[in-house]
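Report on the structure
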Amino acid sequence: MSNGESAYGPYIPVIRSGHSSGETIPQNLVQLNTKGAIWTQWIGPLVALGFLAVVFYEVRHLDFAQLVAKIPTLPSFWLLFFAYYFSGPISEWFIYRRLWNIPPSGFVALVRKFISNEILLGYLGEVYFYAWARRSTQIDASPYGAIKDVTILSALVGNGFTLLILAGLYPLFNTLEFGGFADTAFYSVGFVLLTSFVIMLLRNRLFSLVGPDLLYISWVHSARIVFTTTASALMWHLLLPEVDFRWWLLLAAGRLLISRLPLLPNKDVMFAAFAIAIIGHDSAIGGLIALITSLLLITHLVMATILAIPEIARNSRKGKII
């Protein structure tokens, strides 16, 4: 490996701390041109076009009449739903506010990042947000290190909660039938343990930010996971109040666990088995989970459209093809 390169490619200088009073960026940190490379100019329009393509594709398969008939009318449900939906961008806005003093407009970029990961391609959102940060006049140094650290810590904290939930629910999971996925689930847990161990072992080489920043980021990620898990249980409970809230909380914890396990070919089967074991063979459970899933998809599509049209219009006025 040549000088000036790491295992992840050419070395890019990163800001160590962007919030402490009186601290200045070292002189040997090379400040990047805020206009960025050429690709940072077209990644936004390309993501916008991807949003619209997914919207047109998904809309064909949606049964709006059936969905409208099932839409909840409780105001408390919708308050929880939108708080749940935007919890990721909100939590990351607080993180980058501390690191870069990110402006309020950065929240829109974080929402685009979130939707890109959800409906286009995993981690495409990080690429988009990196391009946005390169173009931002408020950010002086390379955003690469901070985005990398935030992403790694999100995975690490998620793995930690996954293992904690698994330890608490292991007696129950040990009694469930997962349709032949038991061995795969075992390997998935092993993978989570291994990756977490490797991250902790190489933390001095992987992380670019200083300790207080890393601790703050970890706490924010933890708060987000606790909130989204509790909010999921509350939403289900509001729509099906005859089931005790504690069972919904247990189900939400199990869903978080299953969603975090890699290598599983069909997580829906495992979650269905878990839900049946917790709640029982009630057809309302499956319908409720399907309703929440559909509402999340619809919200993704609506937000993608809202964010895509102004981006495409703005670049059309500039004479860009994309």
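Only a predicted model underlies this, so the values are computations on that prediction, with no experimental measurement involved. (Residues numbered from 1 in each chain as written. Predicted model: local features only at pLDDT ≥ 70, side-chain atom pairs only at ≥ 80, totals over all residues. Heavy atoms only, no water.)

**Things to note about the overall build of the chain**
Keep this limit in mind: Helix numbering and strand numbering both begin at the N terminus, where a helix is a DSSP run of H or I of at least 4 residues and a strand a DSSP run of E of at least 2. Between buried and exposed lies partly exposed: a residue is buried under 20% and exposed over 50% of the maximum accessible area for its type, with that area taken using a 1.4 Å probe on protein chains only. A contact between two residues is defined here by any heavy atoms of the two lying within 4.5 Å. Residue burial considers only the protein chains on display, and all accessible areas are found by Shrake-Rupley using a 1.4 Å probe.
Scanning the chain from N- to C-terminus turns up 13 helices and two strands. Considering the chain as a whole, with its 322 residues, one finds that 43% of them fall into the buried category. Sequence separation of at least 24 residues holds for 76% of the intrachain contacts in the chain that already meet a minimum separation of 6. As presented, the chain carries roughly 17,200 Å² of accessible surface, and 65% of it is formed by carbon and sulfur atoms.

**Brief notes about the packing of helix α10 (residues 211-239) against helix α11 (residues 245-260)**
Where we set the bar: Lines are fitted to the C-alpha atoms to define the axes, a helix being fitted only along its stretch in contact, and any angle between axes, read from their N-to-C directions, falls within 0 to 180 degrees. When describing relative orientation, an angle under 35 degrees is termed roughly parallel and one over 145 degrees roughly antiparallel, while 65 to 115 degrees is termed roughly perpendicular and anything else oblique. A crossing counts as left-handed when the near helix is turned anticlockwise from the far one by less than a right angle, and as right-handed when that turn is clockwise. Charged residues are taken to be Asp, Glu, Lys and Arg, nonpolar residues to be Ala, Val, Leu, Ile, Met, Phe, Trp, Tyr, Cys and Pro, and polar residues to be all remaining types, Gly included.
Closest axis-to-axis distance for the α10/α11 pair is 8 Å, and the angle between their directions is 130°. The angle between α10 and α11 falls in the class oblique. Crossing of α10 against α11: the hand is right-handed. Judged by residue contacts, Ile225, Thr229, Thr230, Ser232, Ala233, Leu234, Trp236 and His237 of α10 engage Phe245, Trp248, Leu249, Leu251, Ala252, Ala253, Arg255 and Leu256 from α11. Here the residues of the contact of α10 with α11 sort into eleven nonpolar, four polar and one charged.

**Quick look at the confidence of the model for the chain**
Do not read the predicted coordinates in detail wherever pLDDT is low. What counts is decided by this rule: What pLDDT expresses is the predictor's confidence in each residue, scored from 0 to 100.
When pLDDT is averaged across the chain, the result is 77; 74% of the residues are at 70 or more. Long-range and interchain partners of residues 1-36, a stretch whose pLDDT sits below 50, account for 55 contacts in this model, where long-range means more than four residues apart.

**Considering the side chain of Thr228**
Put simply, the rule is: Polar contact criterion, stated in full: a pair of N or O atoms within 3.5 Å, where within protein one must be able to donate a hydrogen and the other to accept it, and residues adjacent in sequence count only if both atoms are side-chain atoms.
With respect to the element layout, Thr228 can be found in helix α10. At 3.1 Å, the side chain of Thr228 and the backbone oxygen of Ile225 are in polar contact.

**Here we look at the packing of helix α3 (residues 75-85) against helix α4 (residues 87-100)**
Interhelical geometry of α3 versus α4 gives an angle of 50° and a closest axis separation of 4 Å. One finds that α3 runs oblique with respect to α4. On α4, the residues that touch Ala83, Tyr84 and Tyr85 of α3 are Ser87, Gly88 and Pro89. Looking at the contact of α3 with α4, its residues break down into four nonpolar, two polar and no charged.

**Observations regarding the side chain of Ser116**
Its place among the elements puts Ser116 in helix α5 (residues 106-120). What makes Ser116 buried here is its relative accessible area of 0%. The contact partners of Ser116, leaving out residues within four places of it in the chain, are Val47, Phe51, Leu121, Leu124 and Gly125.

**Points about a nonpolar patch on the surface**
To keep things clear, this is the line we draw: Patch definition: residues above 30% relative accessible area lacking any salt bridge, with like charges linked at up to 9 Å and the nonpolar side chains Val, Leu, Ile, Met, Phe, Trp and Tyr linked at up to 5 Å. One side-chain nitrogen of Lys or Arg within 4 Å of one carboxyl oxygen of Asp or Glu is enough to make a salt bridge.
On the surface, Leu194, Phe197, Val198, Leu201 and Leu202 cluster together to form a nonpolar patch covering roughly 480 Å² of accessible area. Structurally, Leu201 can be placed in helix α8 (residues 182-201). Overall, the relative accessible area of 59% leaves Leu201 in the exposed class.

**Considering α4**
Filter applied, for reference: Helix span is expected to be 1.5 Å times the residue number reduced by one.
Under the 1.5 Å per step criterion, the end-to-end length of α4 is 20 Å for 14 residues, consistent within 8% with the ideal 20 Å. Turning to α4, its buried residues are Ser87, Pro89, Ser91, Glu92, Trp93, Ile95, Tyr96, Leu99 and Trp100.

**Overview of the packing of aromatic side chains**
Heads up, the condition is: Side-chain rings of Phe, Tyr and Trp, where Trp is taken by its six-membered ring, are said to pair if the distance between their centres is within 6.5 Å; with planes under 30 degrees apart they count as stacked, over 60 as edge-to-face, and otherwise as tilted. Placement of a charge over a ring requires the Lys NZ or Arg CZ to be within 6 Å of the ring centre, with the centre-to-atom vector within 35 degrees of the ring normal.
By the definition in use, this model includes 14 aromatic pairs. The interplanar angle of 85° and the centroid separation of 5.0 Å between the aromatic rings of Tyr85 and Phe86 together place this pair among those described as edge-to-face. Phe86 matches Tyr85 in its accessibility class, with the two residues each being buried. Between Tyr85 and Phe114, the ring centres sit 5.2 Å apart and the planes meet at 80°, which makes this aromatic pair edge-to-face. A residue pair is termed long-range when its members are at least 10 positions apart, and Tyr85 in helix α3 and Phe114 in helix α5 qualify at 29 residues. In this structure an aromatic cluster arises from ring pairing among Phe77, Trp78, Phe81 and Phe82. Across from the ring centre of Tyr216, 4.7 Å away, lies the NZ or CZ of Arg98, which sits over that ring.

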